[in-house]
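The primary structure of each chain is shown beneath.
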Amino acid sequence: MSMRSFVVLVCLAAGAACTRDPESARRNYLQRAETLVQAGKYADAIITFQNALQIRPGDAATHRRLGEVFLKADRPAQALESFITSADLQPENRIVQREVAWMLLRAGDFPRAQERAETLLRVDASDGEALLVRAYAVSRIRGADAGIAAVGDLLALDPDNTRARSLEGWLQLERGHLADARTAIERAAALAPASPEVQAARGVVAWADGRRPDAEAAFRAALAADPRAEVPNRAMATLLIA
């Protein structure tokens with residue numbers, strides 16, 4: 001046998017071995033995908049990650065990484081589904097479950113956010129993050145009154161929970177109960193005076209009270225803490241126009 005024929009046979013054998021070794025192929029796909037991400041070729045990277053998942057569909061870490069790349073590619077809906085799949089593959093990971101519950105909430109998928117929170121609460125009824133997600137979701141699904149009752153479950157366990165007090169204040173505003181809203185928001189402000197969410201809520205209460213200077217000061221404080229905060233930015237634009 002000539003040397004050339006021998007080399008060809010060796011190369012063919014090596015290629016066949018790789019084909020017979022799915023795990024090696026999967027690792028190659030993952031390495032290639034990361035190279036494509038670094039090059040900013042997100043569409044190609046997504047396809048390559050998906051090829052890796054065809055070999056091992058139950059790889060939670062790759063589903064999560066795929067979700068991150070979907071976000072880079074400005075495809076949030078597909079990103080969310082990838083994150084959900086990753087979470088479903090590791091149901092015992094409560095941190096991941098909470099993350100996905102918040103993602104669903106921010107995406108406006110309130111029924112699935114509530115469902116994820118309820119699943120967490122069946123294991124630990126005192127899970128503060130799950131109680132808060134459930135309260136937000138319930139308030140969007142069933143209205144402010146139901147939301148007040150739901151956030152009350154968290155406040156019974158943790159009366160000084162700033163986010164729960166802030167949500168209580170927003171929901172009281174939604175109900176038109178200005179005095180109750182003011183009480184809840186001021187309690188939240190005492191706990192976390194620098195919180196942009198709390199300062200925005202203080203601004204809305206002051207505005208509803210007819211105290212425009214106080215409202216503007218609160219909105220400016222919220223923007224100082226978070227210049228991209230949506231509520232104070234919109235409120236300040238309205239104040240400047242008015």
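Residues numbered from 1 in each chain as written. Predicted model: local features only at pLDDT ≥ 70, side-chain atom pairs only at ≥ 80, totals over all residues. Heavy atoms only, no water.

K.L.:
Residues and numbers for the confidence of the model for the protein, please.
P.N.:
In this model, the protein carries an average pLDDT of 88, and 87% of its residues clear a pLDDT of 70 or more. Low pLDDT (under 50) marks residues 3-18, which in the prediction has two contacts with non-local residues, meaning those over four places away or in another chain. (pLDDT = per-residue confidence, 0-100. Contact = heavy atoms within 4.5 Å.)

K.L.:
Describe in detail the packing of aromatic side chains, supporting the description with residues and values.
P.N.:
Counted under the stated rule, the structure contains two aromatic pairs. Centre to centre, the rings of W102 and Y136 are 6.0 Å apart; their planes meet at 65 degrees, and the pair counts as edge-to-face. Placement of W102 in helix α6 (residues 94-106) and of Y136 in helix α8 (residues 128-142) is noted, with a sequence separation of 34 residues between them. When its relative accessible area of 17% is taken as the criterion, W102 is described as buried. With a centroid separation of 6.0 Å and an interplanar angle of 70 degrees, the aromatic rings of W207 and F219 are classed as edge-to-face. Within this pair, whereas W207 is found in helix α12 (residues 196-209), its partner F219 is found in helix α13 (residues 212-225), the two being separated by twelve residues in sequence. (Phe/Tyr/Trp six-rings, centres within 6.5 Å; stacked < 30°, edge-to-face > 60°. Helix = DSSP H or I, 4+ residues; strand = E, 2+ residues; numbered from the N terminus. Buried < 20%, exposed > 50% of the residue type's maximum accessible area, 1.4 Å probe, protein only.)

K.L.:
Could you give an account of the packing of helix α7 (residues 110-123) against α8, naming the residues involved and the relevant values?
P.N.:
At a closest axis distance of 8 Å, the pairing of α7 and α8 adopts a crossing angle of 150 degrees. Handedness of the crossing formed by α7 with α8: left-handed. From α7, F110, P111, A113, Q114, A117, E118, L120 and L121 reach across to α8, where they touch A130, L131, V133, R134, A137, V138, R140 and I141. Here the contact of α7 with α8 is composed, by residue class, of twelve nonpolar, one polar and three charged. (Axes fitted to C-alpha atoms, helices over the stretch in contact; angles between N-to-C directions. Left-handed = near helix turned anticlockwise from the far one by under 90°. Nonpolar A, V, L, I, M, F, W, Y, C, P; charged D, E, K, R; others polar.)

K.L.:
Tell me about unusual backbone geometry, residues and numbers included.
P.N.:
The phi dihedral of D74 is positive, around 60 degrees, even though this residue is not glycine. Along the polypeptide, D74 turns up in the loop between α4 (60-72) and α5 (76-88). Residue D74 is classed as exposed on the basis of its relative accessible area, which comes to 65%.

K.L.:
For the pattern of salt bridges, give the residues involved together with the corresponding values.
P.N.:
Using the criterion set out here, one finds 25 salt bridges in the structure. The salt bridge partner of R26 is E23, with a shortest N-O separation of 2.7 Å. Within this pair, R26 and its partner E23 are both found in helix α2 (residues 22-38), separated by three residues, close to a single helical turn. For R175, the salt bridge goes to D145, with nearest N and O atoms at 2.6 Å. In this pair, R175 sits in helix α10 (residues 162-175) while D145 sits in helix α9 (residues 144-157), placing the two residues 30 residues apart along the sequence. Of the residues examined, D145 reaches a relative accessible area of 52% and is grouped as exposed. (Salt bridge = Lys/Arg side-chain N within 4 Å of Asp/Glu carboxyl O.)

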